[in-house]
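Observations on the model geometry
So you can see what is in the structure, the chains are spelled out below.
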Amino acid sequence: MPTDTALDTDTLLTWFAEHGRDLPWRRPDCTPWGVLVSEIMLQQTPVARVVPLWEEWLDRWPRPSALAAASQGEVLRAWGKLGYPRRALRLHAAAAAIARDHDDVVPADVDTLLALPGIGAYTARAVAAFAYGRRAPVVDTNVRRVVARAVHGAGDAGRPSTTRDMADVEALLPAEESRAARLSAALMELGALVCTARGPRCADCPVYDSCAWQRAGRPAYEGPAKPVQRYGGTDRHVRGLLLDVLRGTSDPVPKERLDVVWSRAGQRDRCLDSLLVDGLVEQTADGRFALPGEHR
Ligand code: SF4
């Protein structure tokens, strides 16, 4: 897709060098495995909550084979309350495939990464760019919002479309691989720190002068309404309460122990069923419940 305004790569890279956060997975000594773990953890969880857990995981499981050797239950327990625990099982499955098929080294090539279990379009490109300095369009919510505003002059990004969004970002990336990789990180950081969803800090923005949204007079967002995220009382909340019980014990528990966490039986049973279907909980032969892989 043609762009209305080209973002100045040098300006953004200079800004990123000066203002980008010093995060452990951005340090030169971080392994590609550390980058992969960070990318899975950062999906839907804020940086501040990820950092301590990431450090714990990398100390405990410094290589894919180390994580692969742990049981699913151990991995889910270590995931703690980071949320969306299916991510832990996806990471575990990817670690096993990397250990088995790739000599315990995270692949660098997007297509090879995409062939790993549980690795999607975003994660594959993020690992190629951030761990290996490859030129790959890395598109998350922050990047979509920056491009929508700074390039297309819209108040926010519309509905996601992987193909269109990636083509949009690809058009902004310089040809040289390592500059393109740094620009991907810079765009993401700009969206996280300055061009935020509510209340962008335009006065502090390095691309203020060329921003299409500014030039267009800051038009209001006219796309589809953004869903409001809530947690209390949702199935996600109830699933979390059920998993908390199982994480807190090494023995399988009878159903009565799970029944006390939530009074609405219909919702509670639906959530327990979905945990069983997702492989996050297993039922033992005598009908009790446990984290997977620990009591077969
Ligand atoms: S000037 Fe404002 S809207 Fe434009 S990219 Fe910067 S922060 Fe975002």
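About the thresholds
Residues numbered from 1 in each chain as written. Predicted model: local features only at pLDDT ≥ 70, side-chain atom pairs only at ≥ 80, totals over all residues. Helix = DSSP H or I, 4+ residues; strand = E, 2+ residues; numbered from the N terminus. Contact = placed C-beta atoms within 7 Å. UniProt positions renumbered as here; feature names shortened; annotations may be inferred. Domains from an automatic or database assignment. Near = placed C-beta within 6 Å. Nonpolar A, V, L, I, M, F, W, Y, C, P; charged D, E, K, R; others polar.

**Overview of the environment of D286**
You can see D286 is positioned in the loop between β1 (282-283) and β2 (289-290). Residues D286 and D168, 118 residues apart in the sequence, show an inter-C-alpha distance of 55 Å.

**Focus on the environment of W262**
Structurally, W262 can be placed in the loop between α14 (255-259) and α15 (265-277). Each C-alpha atom, one on W262 and one on V238, is 7.0 Å from the other, the two residues being 24 residues apart in sequence. In contact with W262, other than residues within four places in its own chain, are V238, L241, Q267 and R268.

**Topic: the UniProt feature "domain: HhH-GPD" (unreviewed entry) in the chain**
When the UniProt feature table is mapped to this numbering, "domain: HhH-GPD" (unreviewed entry) covers residues 41-193. Helix makes up 65% of residues 41-193 and strand 0%, with an end-to-end C-alpha separation of 19 Å.

**Side note on the domain arrangement of the chain**
Annotation of the chain at the domain level lists domain 1 (11-132) and domain 2 (235-290). Inter-centroid distance (C-alpha atoms) of domain 1 to domain 2 is 27 Å. Taken residue by residue, the interface counts five residues in domain 1 and five residues in domain 2.

**Description of the site of the ligand**
Neighbouring residues of the ligand: 13 residues in total, closest C195, P200, C202, C205 and C211. Per element, the largest residue contribution to the shell around the ligand is three residues, and it comes from helix α9 (residues 141-151). Along the lines of polarity and charge, the residues of the shell around the ligand split into eleven nonpolar, one polar and one charged.

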